[in-house]
Amino acid sequence: MEQHSTRPGSMTGTPAGDGQAQGQPALPHTGVTMTGAEIFVRALEAEGVKVVFGHPGGAVIKIYDEIARLKPTFEHVLVRHEQGGTHAAEGYAKATGQVGTVLVTSGPGATNCVTGIADAYMDSVPIVVFTGQVPVPLIGNDAFQETDTIGVTRSITKHSFQVRRVEDMTWMIRAAYHIARTGRPGPVVVDLPKDVLLAETTFQYPSDVQDRIRGYRVHTTPNPAKVERAARMIARARRPLLYVGGGVNGAGAAPELLELAHKARIPVTTTLHGLGAFPEDDPLSLGMLGMHGTWYANQAVQHCDLLIAVGARFDDRVTGKLEAWAPHAKVIHMDIDQACVSKNVWCDCAVLGDVKESLRALLPLVDPKDTQAWLDEIAAWRAECPLAYEHDGRLHAQFVIEQLRAISGGDAVVVSDVGQHQMWTAQFFRYKHPRSHITSGGLGTMGFCLPAAMGAAFGLREQGKDLPVISISGDGGFVMNAQELGVIAKHRLPIKIVVINNQFLGMVRQWQELFHQERYSQTNLADTNPDFVKLAEAFGIEAMRATSPEEAEDVIARAWQITDRPVLLEFRVVPEGMVFPMVPAGAATDDMITARFKE
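What counts, and at which threshold
- Residues numbered from 1 in each chain as written.
- Predicted model: local features only at pLDDT ≥ 70, side-chain atom pairs only at ≥ 80, totals over all residues.
- Heavy atoms only, no water.
- Axes fitted to C-alpha atoms, helices over the stretch in contact; angles between N-to-C directions.
- Helix = DSSP H or I, 4+ residues; strand = E, 2+ residues; numbered from the N terminus.
- Parallel < 35°, antiparallel > 145°, perpendicular 65-115°, else oblique.
- Left-handed = near helix turned anticlockwise from the far one by under 90°.
- Contact = heavy atoms within 4.5 Å.
- Nonpolar A, V, L, I, M, F, W, Y, C, P; charged D, E, K, R; others polar.
- Phe/Tyr/Trp six-rings, centres within 6.5 Å; stacked < 30°, edge-to-face > 60°.
- Buried < 20%, exposed > 50% of the residue type's maximum accessible area, 1.4 Å probe, protein only.
- Lys NZ or Arg CZ within 6 Å of the ring centre and 35° of its normal.
- Polar contact = N/O pair within 3.5 Å; in protein donor to acceptor, adjacent residues only side chain to side chain.
- Pairing = 2+ DSSP bridges.
- Disulfide = S-S within 2.5 Å.

Peer 1: How should I be thinking about the packing of helix 11 (residues 254-264) against helix 14 (residues 355-362) in this particular structure?
Peer 2: The description of two helices packed together rests on the angle between their axes and the distance between the axes. Following both chains from N to C, one finds helix 11 and helix 14 inclined at 30 degrees, their axes separated by 9 Å at the closest point. Judged by the inter-axis angle, helix 11 sits roughly parallel to helix 14. You can see that helix 11 and helix 14 cross each other, and the crossing is left-handed. In this structure, helix 11 uses Glu256, Leu257 and Leu260 to contact helix 14, whose residues at the interface are Lys356, Leu359, Arg360 and Leu362. Classifying every residue of the contact of helix 11 with helix 14 by side-chain character gives 4 nonpolar, no polar and 3 charged.

Quick look at the structure:
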C-alpha cells in the first residue's frame with residue numbers, strides 16, 4: 001500500500017541531483033537472498049545514509065539484530081525519545097542538506113514521532129521516518145502496539161508507503177529518499193510490518209524509481225518567458241525589494257541571490273528560515289521582516305513598488321493583515337511549489353522551478369540599477385527605529401546573543417527553540433552563512449532545539465566541518481526534550497548548550513501583558529524549573545551560570561575554550577523582557593509596536 005500526499009503541488013519540481021544511489025556501479029550484495037531486515041540495512045547503505053537516529057522495539061527488533069550483526073557503514077544513534085529522534089533528523093538535514101533518517105518501532109514509537117514529522121512538513125525538511133508495524137495479517141485487528149501510522153500521519157507527510165511485500169522494500173526505500181529530497185522537500189514515512197522484515201527475497205537496489213511513483217514528476221527549469229518578464233519588471237522598478245525565504249537555503253542558491261542583489265543594488269529582507277541566505281553584515285541587508293522583524297524591513301515592504309519573493313510562501317507571520325500588506329507592490333514569485341503561488345498574496349509573475357536555476361537564468365537579463373534614493377529612504381527608517389534594548393546593568397537576553405555572535409564571529413551553526421529567545425536570536429545574531437540558522441518555524445515546536453542541535457552536530461562531524469553548534473533554548477522549552485543531554489554527553493558533541501532562563505513562558509507572558517490585562521495565567525515557571533547546572537552535571541556535562549553582564553562575558557569566554565565536549569551555559573536574564581518590534585496578530589504591518597506601553 002502506498003499513500004500519496006494530499007498536499008497540493010507538493011510533488012512539483014526537484015533540485016539538481018537525485019541522491020547517492022543514482023549512477024552508482026552494481027552493489028556488492030546484488031542478487032543475494034536476504035531477509036527484509038537485512039535488505040533494509042543494505043538499502044540504507046546503498047542510499048548513502050551516514051547517520052540513523054533511532055530507538056528499538058519489538059516490531060523492528062530484527063532490524064536492530066541485523067545492525068549488530070552486519071555492522072553497516074552508517075552510524076546508528078540511540079536517542080532517548082522518538083520525538084527527539086525526528087528533531088535530530090531535522091537538524092541533521094538542515095545543517096547538511098542531506099536527508100535525515102529515523103528508525104522507530106510501532107505504536108507509541110511511531111506516534112511519538114508525529115510532532116517531528118509535522119514540524120518537518122511545515123518547514124519543508126527532507127526526512128525519512130521508518131516505523132515498525134504489526135504483521136500484515138494482524139493490521140486492523142487492534143494488535144499489541146498497532147497504530148494506523150499511515151492514517152495518523154497522512155496530512156503531515158509529503159508521501160507515505162506501507163511495505164506489504166518484501167519484494168517491494170528496495171524500490172519503496174529508494175522512492176522515499178527520492179521524494180523527500182526532490183521538489184519542495186518534506187517528510188516521508190515508510191511503515192514496515194514485522195513479518196515483511198522476516199520474509200526473504202533477493203536484493204536488488206534500483207537506480208531509478210520514477211516510473212514506480214504514480215503522478216510524481218519533477219521539473220526544475222523555469223519558463224524562459226517568465227524569467228524575461230521578471231527581468232523587465234525589475235528594470236522598471238524604482239523601489240524593488242528581495243523577500244527571501246528558506247527555499248534559498250534549501251536550494252543552495254545563496255551565491256546567486258548575493259550576485260543579483262549586488263548587480264541590481266536591491267535591498268534584501270529574509271524570513272525566519274531565510275536567515276543566513278544573505279549576509280546580514282552586507283549594506284543591502286535589512287534583516288528579518290514580519291511579526292518580529294525590523295521596523296525598516298517592514299517599512300520597505302509597505303513602500304516598495306516591486307516585491308521579488310524567492311523561496312518564500314507569504315505566511316501569516318510575515319504578512320499580518322493581508323489586504324494591507326505591500327499595498328503598492330507588483331509581485332514576482334520564484335518558487336518550486338506551484339501550490340504556494342497566489343495562495344495568500346496575488347502574484348503578477350510566477351517563475352516556477354528550482355530557485356537556484358531560476359536565479360541563474362535571471363542574472364544575465366538584469367542590468368545594474370540606480371536605487372540610491374530608495375536605499376537612502378530605507379537608511380532613514382533604519383536610523384529612526386534601529387533594533388535596540390535596555391542597557392540598565394542587568395542581564396538581558398539580547399546581550400547574551402550579541403556576546404555569542406561576537407565570540408564566534410558569526411562562524412557557527414545556531415539552533416534555537418521557540419519563544420522570545422528565538423526572536424532575539426533571529427534579531428541579534430546577525431547571520432552571514434547559509435544553513436547557519438536552524439529553528440522550528442511553521443509548527444513552532446517547543447523542545448525542538450536540543451535534539452536538533454544534536455542532529456546538526458552529528459551532521460557537521462560527518463562532513464568534517466569544524467564549526468561550533470550553539471543551542472539556544474528558553475527554560476520552558478529546554479525541559480521538553482532534556483533527556484537528549486545523555487546522548488550529547490555520550491558522543492561528546494561539542495555543543496554550546498545555552499539556556500535563557502527568565503523563569504517564564506516568556507512569549508505567552510508577553511501576550512498576556514500586552515493583550516490580556518496582565519493576567520499571567522500558568523506562565524510562571526519559577527516553582528517547577530530544575531537547577532539547570534545540576535541537571536547538566538547529572539548527565540556528565542560541565543555547566544556554568546551567569547546572572548550579570550560581567551558574568552555572562554566570563555562564562556562565554558570560558559565555554560569557548562572547551563572544544564572537545566559539550567558545555568551548558570545558563571543565563572538568568574530579566575524576567576520581564578519583551579520582544580520588539582512586534583506586529584499584533586491580525587494587524588497590518590504598519591501597526592508595529594516598538595516599545596512597552598507607557599502610562
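Picking up after the structure, the text goes on.
Peer 1: Which parts of the structure should I look at to understand the packing of aromatic side chains?
Peer 2: Pairs of aromatic rings are described using the distance from one ring centre to the other and the angle between the two planes. Applying the stated criterion across every chain yields a total of 14 aromatic pairs. With a centroid separation of 5.7 Å and an interplanar angle of 75 degrees, the aromatic rings of Phe478 and Phe532 are classed as edge-to-face. Of this pair, Phe478 sits in helix 19 (residues 475-478) while Phe532 sits in helix 22 (residues 532-538); the two residues are 54 residues apart in sequence, bridging distant segments of the chain. By the burial criterion, Phe478 is buried, and Phe532 matches it. Among the aromatic residues, those joined into a ring-pair cluster are Phe40, Phe130 and Tyr177. The aromatic ring of Trp560 is capped on one face by Lys496, whose charged end is 5.3 Å from the ring centroid. In this arrangement the basic side chain of Arg509 is found over the ring face of Phe504, its NZ or CZ atom lying 5.2 Å from the centre.

Peer 1: Just to check I follow, could you spell out the side chain of Ser440 for this structure?
Peer 2: By the secondary structure assignment, Ser440 is in the loop between strand 17 (437-438) and helix 18 (449-463). With relative accessibility at 1%, the residue Ser440 sits in the buried group. A distance of 3.3 Å separates a polar atom in the side chain of Ser440 from the backbone nitrogen of Gly444. Polar contacts involving the side chain of Ser440 include one to the main-chain amide nitrogen of Thr445, which spans 2.9 Å. In this view, Ser440 contacts Asp119, Asp123, His273, Ser416, Val418, Gln422, Thr445 and Phe448; residues no more than four positions away in its chain are not counted.

Peer 1: Would you take a moment to explain the sheet that holds strand 18 (residues 469-474) for this structure?
Peer 2: Strands pair in a sheet through their backbones, by hydrogen bonds, and they do so in one of two ways: parallel or antiparallel. Taken in spatial order, the 6 strands line up as 17-16-18-19-21-20 in an open sheet, and their pairing is parallel. Edge positions in the open sheet fall to strand 17 and strand 20 (542-546), since each of these has one partner strand only. Relative to strand 18, strand 16 (residues 413-416) runs parallel, the two sharing 4 bridges. Among the inter-strand pairings, Val414 is bridged to a residue of strand 18, identified as Ile470. Lying over the sheet, helix 23 (residues 549-559) contacts strand 19 (495-501), strand 20 and strand 21 (567-572), oriented at roughly 160 degrees with respect to strand 20.

Peer 1: How should the state of the cysteines be read in this particular structure?
Peer 2: Two cysteines form a disulfide when their sulfur atoms are joined by a covalent bond. Under the definition given, this model contains 0 disulfides. Here Cys304 stays unpaired: no disulfide links it, and the sulfur of Cys347, its closest cysteine neighbor, is 14 Å away. Its relative accessible area of 0% is what places Cys304 among the buried residues. Between Cys385, a cysteine without a disulfide, and Cys304, which holds the nearest cysteine sulfur, the sulfur-to-sulfur distance is 19 Å. Assessed through its relative accessible area of 17%, Cys385 is described here as buried.

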